[in-house]
Amino acid sequence: MSVDRMQRVALYGRQRDREEILRLVQSLAVLDPETTVPPEQGGRLASELDRGEAALNREIVALEHFLAVLDRWHPVRPNLIEQFAGVRTVLTEEEFAALAADREEAGRLIEEASRIEASLADLSAKRQDSLNRQAALRPWQAMDLTRDDLAGTRRVQLLMGFVEARRREELAARLAERDPRLAVITVGADGTQEALVLAMPRREAADLIQAAVEMGFSPVSLPPFAGTVAEALAREDAVQADLGREEERQRARLAELAGERRRVQALLDQCLSERRRLETARGLLLGARSFGLEGWIHARRVEELRETLTRSGHPFYLEVREPAENETPPVELVNGPVVTPFEALVQSFSYPKYQEIDPTPAIAPFFLIFFGFCLGDAGYGLVLSLFCLGLLWRLKMKPMGRKLARVFIFGGLAAVVMGFVTRSVFGFTVDLPFPFHIDPMKQAIVLLVAALGLGTIQLFFGTFLSALPALRERRFADALFGQGVWLLFLSSAMLAVGKDAVGLGAYGGTIKYLLAASVIGVILGAMRGRKGILQRILAIPAGLYTIYGSIGFFSDILSYSRLMALGLSGGVMATIINLFAGMAWKAGYGVGQLGGAAIFLLGHAINLALAILGAYVHSSRLQYLEFFGKFFEGGGRAFTPLRPERKYTLVVKQKEA
Amino acid sequence: MVWGTVLAFLGVVVAVAFSGYGSARGVGICGQTASGVVAEDPGKFGKTLILTALPGTQGIYGFVIGMLLILVKLPAFNFNVPLDKGFMFFLAGVPIGVIGWLSGIWQGRVAAAGIGIVAKRPEEASKGIVYAGMVETYAILSFVTSLFLLLNVNP
């Protein structure tokens, strides 16, 4: 139920054992390194580390390239759930060790993948060339002349080219005027252009060509081809077929390589872990032949570290001490199994400082109640709980994902309870047994008062929590004048206004006295902090200003009205969906029933999703702003130990089916 | 001519149309921003989807007010609403209509900025969600106001 106790640790060993010791420390994931290295010491190890890191980087780049090639030609397609939860290869420890050990095999795979990638690119380029040639030749496919024929005879020159179809007549006529021996033969078309062959006497060819060009004729020269154009086109088809088959072969080989993805992923993670060790090594203290690693460790895991190092047989020295006054140890939250999932809410916002209390057990019940209040439907709650239960069971998620899933399971159950209170199941009013019922539509005021009441309870509790440090140190006067009179003032102010509503109208006099006493108490509290009579008198306006600040408190309470708004809007929306679905169903003829069922399923699915989103966002926002604002400072640093990198794989103790 | 009923209908129009526009525009701004982020990194789809959905609630609130008016309140009057009550119905639709419209657009801008957070630091998505949720406060308050105004108009 707390922030875990941390101790400052310094681990000394021989430099020649450095890599091995660091590897052990990393595998335990037990030490958060924090060293301040004097600048002159950094240099000695630096060159060795630089070389090591450069070599590792080269290997990492090659491995990542392999994965990139596979992803391009043979991607893994995640289904919708995996898109949210992330896809990673799951391995047991033995599998991981076996796969990562064989660096040579990985090297061979990388080489082969690169070769295949290169040849696939080459094939693709060749195919594009072939297609280009075909495109150039295609307009001429009706032409029955071979390439040799196109060279012409001793006295006749042939020229191929294009002209705009609408200018062809004009071209033919004009050229005929200049030389009636010139023939204009149409062999095909390409869009709006006509493909022409001009046959002209060689001696006048130059002039005629120039004239033709001026009239819009564009000569072309075709890529080399053998036989007729039609034959050439057929041959290109055959070439493309060959290329296609070769491409298939290469892709098949790549598909086989894709089976080795796990090996590369395991090796990658191992290389990343190695690199992390080298980075940590940069922060080591260095002696002549020894090194020192300083950092933070869980108090309860010191023995574990000591035993592991002892078993390794390397000489070492472990120095452990409590954190000093001015030090800020990193924070890890430790809670019982029921409260632990709610750590996700604290982690999303801000870690507590090391000396602060862990707010998780405080927000757990409130968040649950608020979430249930907002979702407020037994059917929705059940669906949510079952869905998250299924997710937990089938999917391997990271710790944060697992925590959130559990939060939603509990939240769904809270919503079921609220559904019993409001007699709401998927928007239908069902008579469910419960000691009391509230009808959200007819008794909206009751719901509002309940929400505001919950808010008041939480804010009072938050104020109490802010008094805890003083109470723990037995500074009762501080707690009384700090928080005690404040709570008294708020209570008496609320009672003074609402005493009739809660049936305490008779105590009007007593309440007035309590109110007056608490105001004096607040002012006295403001004066306590100052020394000297003048300062104390000047503190009175400060005290009055604090009283005025109670408006802030009351507006915080009003903020809790959103619980009622969300609960109501979700419930009314569900009722409306049912209304529409019912109208469609009654229309009948089979189509009506289909439409009604569709409206029901789709409408409730969307409403459920939005309601869950709203319930989560607003329940947690109330914790972060209104509740935390009373007692929580935050700004702590998370405990991030030196641990093995697991970017591509997930290593589990044993495989589940 | 039952002008009261006409005014009540107008109240429904204000509640639904204005808040719906606000939500549509807010969600639209987010959708555009989210598309840009996902074009660079499809893995961020889930987180950006949550942020994009957030400004959608104003339209829902307006729809709820409108439907309550049509399906519950008007039948109670037999669709024969006197002028003063009709005007009251109209006014009941105004808070959620106007504030749903304005807060929907602003919440869209905040959520779009939150998508920007996700683009750079996907692990801090929840902070963006909290920022967007802050704008919702006023939509909720206006929903509650519209609701109470509505529920207090009786034959």
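Being a predicted model, the structure only gives us computed values, none of them experimental.

## Topic: the overall build of chain A
Check the secondary structure of chain A and you find 22 helices and 15 strands. Taken over C-alpha atoms, the radius of gyration comes to 40 Å for chain A, far larger than the 26 Å a tight globule of 657 residues would show. Taking the principal axes of the C-alpha coordinates as reference, chain A spans close to 130 × 85 × 60 Å. Evaluated residue by residue, chain A yields a buried proportion of 44% over its 657 residues. Once local pairs closer than 6 in sequence are excluded, the contacts in chain A between residues at least 24 apart make up 80%. Counting only carbon and sulfur atoms, one obtains 60% of the accessible surface of chain A, whose full area is about 34000 Å².

## Regarding a nonpolar patch on the surface
Residues Ile533, Leu534, Ile537, Leu538, Ile540 and Leu544 of chain A make up a contiguous nonpolar surface patch of about 620 Å² in total accessible area. Looking at Ile537 of chain A, the relative accessible area reads 52%, which means it is exposed.

## Description of the pattern of salt bridges
Residue and element names in this part refer to chain A. Counting across every chain of the model gives 44 salt bridges over all chains. Notably, a salt bridge pairs Arg263 with Glu260, separated by 3.1 Å at the nearest N-O pair. We classify Glu260 as partly exposed; its relative accessible area is 25%.

## Points about empty space enclosed by the protein
Throughout the structure, instances matching the rule amount to three cavities of 30 Å³ or more. Counted as a void, the largest cavity has a volume near 140 Å³. Leu566, Ser569, Gly570, Leu610 and Ala611 of chain A are, among the 13 residues lining the largest cavity, the residues nearest its centre. Elements represented by at least two residues in the lining of the largest cavity include exactly helix H21 (561-587) and helix H22 (591-631) of chain A together with helix H3 (57-76) of chain B. Its residues assigned to classes, the lining of the largest cavity shows eight nonpolar, five polar and no charged. By volume, the second largest cavity is sized at about 50 Å³. Taken together, Tyr616, Val617, Ser620 and Tyr624 of chain A together with Ser126, Ile129 and Val130 of chain B make up the full set of residues lining the second largest cavity. Mapped onto the lining of the second largest cavity, the elements with two or more residues apiece are H22 of chain A together with helix H5 (125-151) of chain B. With four residues, the top contributor of residues to the lining of the second largest cavity is H22 of chain A.

## A word on the pairing of strand S5 (residues 156-164) of chain A
The side chains of a regular strand alternate between both faces of the sheet. As paired strands, S5 of chain A and strand S7 (residues 193-201) of chain A are joined by nine bridges and run antiparallel to one another. Across the sheet, Gln157 of chain A pairs through a bridge with Met200 of chain A, a residue of S7 of chain A.

## Focus on the packing of aromatic side chains
The full count for this structure, using the stated rule, is 35 aromatic pairs over all chains. Seen in terms of ring centroids, Phe461 of chain A and Phe627 of chain A are 6.4 Å apart; in terms of plane orientation they differ by 10 degrees. Their pairing is stacked. Here Phe627 of chain A lies in helix H22 and Phe461 of chain A lies in helix H16 (residues 444-472), a separation of 166 residues in the sequence. Assessed through its relative accessible area of 30%, Phe461 of chain A is described here as partly exposed. The exposure class assigned to Phe627 of chain A is buried, which follows from its relative accessible area of 0%. Directly above the ring of Phe96 of chain A sits Arg646 of chain A, whose terminal nitrogen or CZ lies 4.3 Å from the centroid. Positioned over the ring face of Trp106 of chain B is Arg109 of chain B, at 4.6 Å from the centre of the ring.

## Structural notes on H16 of chain A
Since the α-helix turns once every 3.6 residues, residues separated by three or four places project in the same direction. An ideal rise of 1.5 Å per residue puts 42 Å on 29 residues; H16 of chain A measures up with 42 Å between its terminal C-alpha atoms. Directly beyond the C-terminal end of H16 of chain A, a positive phi value near 60 degrees is found at Arg474 of chain A.

## Topic: the confidence of the model for chain B
The share of residues in chain B with pLDDT of 70 or more is 99%, and the mean pLDDT across the chain is 92. For this predicted complex, the interface confidence score (ipTM) comes to 0.81, while the overall pTM stands at 0.77.

## Points about the interface of chain A and chain B
Buried accessible area, meaning the area lost when the parts come together, often serves as the stated size of an interface. In this complex, chain A contributes 27 residues to the contact, which on the side of chain B involves 30 residues. Where chain A meets chain B, there are five residue pairs in polar contact (both at pLDDT 80 or more). Secondary-structure elements contributing two or more residues to the side of chain A that touches chain B are helix H3 (80-85), helix H12 (343-349), H16, H21 and H22 of chain A. Among the elements that make up the side of chain A that touches chain B, the one with the highest residue count is H21 of chain A (twelve residues). Looking at the side of chain A that touches chain B residue by residue, the class counts come to 20 nonpolar, five polar and two charged.

## Here we look at the layout of surface pockets
Put simply, the second largest pocket is a space of about 600 Å³. What lines the second largest pocket is a set of 33 residues, among which Asp439, Met441, Gly571, Val572 and Thr575 of chain A lie closest to the centre. Counting only elements with at least two residues in the lining of the second largest pocket, the list comes to helix H13 (360-375), helix H15 (399-422), strand S14 (428-429) and H21 of chain A together with H3 of chain B. Counting residues per element, the lining of the second largest pocket draws most heavily on H21 of chain A, which supplies eleven residues. Among the residues making up the lining of the second largest pocket, the classes are represented as 20 nonpolar, nine polar and four charged.

## A word on the packing of H3 of chain B against helix H4 (residues 83-120) of chain B
All names here are of chain B. The N-to-C vectors of H3 and H4 enclose an angle of 165 degrees; their axes lie 8 Å apart at closest approach. In this view, H3 runs roughly antiparallel relative to H4, as classed from their interaxial angle. The crossing of H3 and H4 is left-handed. Packed against H3, whose contacting residues are Thr57, Gln58, Tyr61, Gly62, Ile65, Leu69 and Lys73, the element H4 presents Phe89, Ile96, Gly100, Ser103, Gly104 and Gln107 at the interface. Class assignment of the residues belonging to the contact of H3 with H4 gives a composition of five nonpolar, seven polar and one charged.

## Points about the confidence of the model for chain A
Detailed reading of the predicted model is not advised wherever pLDDT is low. For chain A, per-residue confidence averages 85 on the pLDDT scale, and 96% of positions sit at 70 or higher. Averaged over each element, pLDDT in chain A is lowest for H3 of chain A (58) and highest for H13 of chain A (93).

## Considering the nonpolar core
Ranked by internal contacts, the top residues of the largest apolar core, which has 105 residues, are Phe371, Leu375, Leu563, Met564, Phe627 and Phe628 of chain A together with Phe89 of chain B. Among the elements that make up this core, the one with the highest residue count is H22 of chain A (twelve residues). Discounting chain neighbours no more than four positions away, the residues touching Phe627 of chain A are Ala362, Ile363, Phe366, Gln458, Leu459, Phe461, Gly462, Leu465, Tyr560 and Leu622 of chain A. One finds Leu49, Leu56, Phe291 and Leu318 of chain A within the second-largest nonpolar core, a separate group that totals 46 residues.

## Overview of the environment of Thr640 of chain A
Residue and element names in this part refer to chain A. Checked against the element boundaries, Thr640 lands in the loop between H22 and strand S15 (649-652). Here the alpha-carbon distance between Thr640 and Asp32, two residues 608 residues apart in the chain, equals 5.5 Å. Once you skip the residues sitting within four places of it in the chain, Thr640 turns out to touch Asp32 and Pro33.

What counts and how
Residues numbered from 1 in each chain as written. Chains lettered and ligands numbered in written order. Predicted model: local features only at pLDDT ≥ 70, side-chain atom pairs only at ≥ 80, totals over all residues. Heavy atoms only, no water. Helix = DSSP H or I, 4+ residues; strand = E, 2+ residues; numbered from the N terminus. Rg over C-alpha atoms; globule rule 2.2 N^0.38 Å. Buried < 20%, exposed > 50% of the residue type's maximum accessible area, 1.4 Å probe, protein only. Contact = heavy atoms within 4.5 Å. Areas by Shrake-Rupley, 256 points an atom, 1.4 Å probe, with all protein chains shown as cover. Patch = residues over 30% accessible without salt bridge, like charges linked within 9 Å, V, L, I, M, F, W, Y side chains within 5 Å. Salt bridge = Lys/Arg side-chain N within 4 Å of Asp/Glu carboxyl O. 1 Å grid on protein atoms, 1.4 Å probe; cavity = no way out; pocket = protein on both sides within 12 Å on 5 of 7 lines; lining within 4 Å. Points joined across faces, edges and corners; volume = space filled by probe spheres on them. Nonpolar A, V, L, I, M, F, W, Y, C, P; charged D, E, K, R; others polar. Pairing = 2+ DSSP bridges. Phe/Tyr/Trp six-rings, centres within 6.5 Å; stacked < 30°, edge-to-face > 60°. Lys NZ or Arg CZ within 6 Å of the ring centre and 35° of its normal. Expected span 1.5 Å × (residues − 1). pLDDT = per-residue confidence, 0-100. Polar contact = N/O pair within 3.5 Å; in protein donor to acceptor, adjacent residues only side chain to side chain. Axes fitted to C-alpha atoms, helices over the stretch in contact; angles between N-to-C directions. Parallel < 35°, antiparallel > 145°, perpendicular 65-115°, else oblique. Left-handed = near helix turned anticlockwise from the far one by under 90°. Core = buried A, V, L, I, M, F, W, Y, C linked by side-chain atoms within 4.5 Å.

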